Amino acid sequence: MNKKNRFMPLWLALAVIVGIVIGSFYGLQSSGNRLSITIKAGANKLSNLLSGIDKQYVDSVDVDQLVEKAIPLILSELDPHSVYISTEDVELAEDDLRGSFYGVGIEFIIRNDTLRVQNVISGGPAEQAGLLAGDKIVTVDDSVFTGESLTNEVAMHTLKGPQGTQVRLGVVRGLEGRKHEFTVIRDKIETHSVTAAYMLDEATGYVKIKNFGENTYEELIIALAQLSMEGFNRLVVDLRGNTGGYLQSAVNIAQQFLPRNSLIVYTEGLHYPRDEYRSSGRGSYVYMPLVVLIDEGSASASEILAGAIQDNDRGTIIGRRSFGKGLVQQPIPFTDGSLMRLTIARYYTPSGRCIQKPYTSGMDRDYEEDMLLRYQHGEFFSQDSIKHTGPEYHTRIGRTVYGGGGITPDIFIPEDTTDYTVYYREAAFSGLILQFSYDYTDQNRQKLTEFNDEQSLAKYLKRQNIVEKFAQYADSHGLRRRNLMIQRSHHLLEEFLVSRIVYNMLDEQAWIQYLNRDDPAIREAIRVLKEGKAFPEAPDDAPAATTDGKVARAYDYRSVHLHPEHLASAERV
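Residues numbered from 1 in each chain as written. Predicted model: local features only at pLDDT ≥ 70, side-chain atom pairs only at ≥ 80, totals over all residues. Heavy atoms only, no water.

A. Quick peek at the nonpolar core. Membership of the largest hydrophobic core comes to 43 residues, with the highest contact counts inside it found for Val207, Leu235 and Val292. For this core, the element with the most residues is helix H10 (residues 301–311), which contributes six residues. Residues contacting Val292, with those up to four places away along its chain left out, are Val237, Leu239, Ala306, Ile309, Thr316, Ile317 and Ile318. Residues Tyr423, Ala458, Val467 and Met505 belong to the second largest nonpolar core, which totals 30 residues. (Core = buried A, V, L, I, M, F, W, Y, C linked by side-chain atoms within 4.5 Å. Buried < 20%, exposed > 50% of the residue type's maximum accessible area, 1.4 Å probe, protein only. Helix = DSSP H or I, 4+ residues; strand = E, 2+ residues; numbered from the N terminus. Contact = heavy atoms within 4.5 Å.)

B. Structural detail: the packing of helix H9 (residues 247–255) against H10. The interhelical angle for the contact between H9 and H10, taken along N-to-C directions, is 25 degrees, at an axis separation of 9 Å. Comparing the axis directions of H9 and H10 gives the class roughly parallel. Between H9 and H10 the crossing geometry is right-handed. Mapping the contact onto sequence places Leu247, Ala250, Ile253 and Ala254 in H9 and Ala301, Ile304 and Leu305 in H10. Tallied by class, the residues present in the contact of H9 with H10 amount to seven nonpolar, no polar and no charged. (Axes fitted to C-alpha atoms, helices over the stretch in contact; angles between N-to-C directions. Parallel < 35°, antiparallel > 145°, perpendicular 65-115°, else oblique. Left-handed = near helix turned anticlockwise from the far one by under 90°. Nonpolar A, V, L, I, M, F, W, Y, C, P; charged D, E, K, R; others polar.)

C. Quick peek at the packing of aromatic side chains. Summed over all chains, the structure comprises eleven aromatic pairs. On the basis of an interplanar angle of 65 degrees and a centroid distance of 6.2 Å, the ring pair of Tyr84 and Phe334 is categorised as edge-to-face. With a gap of 250 residues between them, Tyr84 in strand E1 (residues 83–85) and Phe334 in the loop between strand E17 (327–333) and strand E18 (339–348) connect regions that are remote in the sequence. Phe334 carries the same exposure label as Tyr84, and that label is buried. By the ring-pair criterion, three or more aromatic residues cluster together here, those being Phe436, Tyr440, Phe470 and Tyr473. Across from the ring centre of Phe101, 4.4 Å away, lies the NZ or CZ of Lys160, which sits over that ring. (Phe/Tyr/Trp six-rings, centres within 6.5 Å; stacked < 30°, edge-to-face > 60°. Lys NZ or Arg CZ within 6 Å of the ring centre and 35° of its normal.)

D. Broad picture of helix H20 (residues 508–516). Among the residues of H20, those classed as buried are Ala510, Ile512, Gln513, Tyr514 and Asn516. The elements touched by buried residues of H20 are strand E10 (194–199), strand E11 (204–209), helix H16 (454–462), helix H19 (490–505) and helix H21 (520–530). In this structure Asp507 caps H20, since a side-chain oxygen of it lies 3.3 Å from the backbone nitrogen of Gln509. (Polar contact = N/O pair within 3.5 Å; in protein donor to acceptor, adjacent residues only side chain to side chain.)

E. Local environment of the environment of Thr408. Along the polypeptide, Thr408 turns up in the loop between strand E20 (400–402) and strand E21 (411–412). Owing to a relative accessible area of 15%, Thr408 belongs among the buried residues under this scheme. C-alpha separation for the pair Thr408 and Ile386, spaced 22 residues apart in sequence, amounts to 8.5 Å. If sequence neighbours within four positions are ignored, Thr408 has contacts with Gln310, Arg321, Ile386 and His388.

F. Expanded view of the pairing of strand E8 (residues 179–185). Burial along E8 is one-sided: His180, Phe182 and Val184 are buried, while Lys179, Glu181, Thr183 and Ile185, pointing the other way, are not. As defined by bridge partners, strand E7 (residues 166–172) adjoins E8 across seven bridges and the pair is classed as antiparallel. Paired with Arg168 across the strands is Thr183, a residue of E8. (Pairing = 2+ DSSP bridges.)

Fair warning: the whole summary comes from geometry, so function is off the table for now.
In structure tokens:
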């Protein structure tokens, strides 16, 4: 019997024990809805077994470490989204949704085992200390900060810290060989969920929501107020790539667009009775023509918002089928600062459908490879390839929607692979495009600073024969030059390269604006809005309008939304 098999009974026993410990702990410690757990008689026996291992096993055993390793394995046997987060990773896991963190104020990438400053956050402590984009951080508090062990996680753990604490950074700048020393005082760094807000044309506003955090609703209200000053009277909300976040944030945003007493979402689980979220009707944009963009990267809270808009026939959903995460996690802390996100219920859209895609308990390989399987089945390229595994449901006005796996858009936008080649795929997935873009930015930073908007910068870059420069760079870094493929994929390569340099030199909004210029989903959204087709129409053969099994009145948006007095007038905050 090999060593792995010999310890299998120990691992199984430990897994059961830890499961019981978790259950009993969270029955006492969880806030809000409490878990009701009964500990069976066998718990004493298992507890004695663990104690026996600790006291009598032939070798020294670090039981805490075994438990730390076993918890993720236990949770993985439940569902794909119940997870354990260790004490040292809790803060990092929460930072994106909190809206702020304490750190030095830089954006970085790691290239050739060295941390390189990609952007310095305006007004942050790093800028005040004198750091510049392009700097390479090689020491932290006199300790070497380079090498194979340097990862994004290590860098974040090291550079983040309590407000007011200081950190000494050793920096190599440009082609200089010598090291410069900077002392940076950590401070509060704001992060934003609404990463772009601007006018697509004279009447169409656009907002990009990156995730749903603590401050997303407030950020959106501010963005819409700014768009109001520019005269928008129709709106595109972009949720593509938005992996979700806080349920309440998505609910608050839905409130702005739905008439009074509209069902937004409800949750339900074995130990959690149905809990409904409904609109108050006090939103400022209830009658505004609306398009929501989604794709396969839109998940969880994104799907809640898109599902609420679709099932209430409030706007048009454009894009590709969303991810399909319809499980509710409750964060439950341990006393050591670690926590578990335990699935306690499922989300249901207003029509009654669960958007969670199918999974089996344990390590479900098909679930993990779902995006690859969708691609292979042709779903990214043809709406007819979408496989609906769940039952049919109906919106307020009787349109058919499906459960069992994400939100299917009203208008499908295929992935354009016309100019895809093997060369382009290898260039993109190898990371060479990102590497070249950073190096080019770094080497030409002084010249590139002359351009302060994405249009002028992109125009300049396209005159620099950027694709040819990349092809030479890639060839010297292991990607063999293939002239016919480069010619065919020239436009794709140029767009990717230019967009990344725009991002490096300007900001995320400039990057998004550049990408949106030639985006087919954006073009379709503008068409739908201009033609007055944002509010869906009932099909001729529609069944009686229902919402979650109940007869529902189809709200007549068309009778009111064109009147000026009903157009949005957001409050200033």
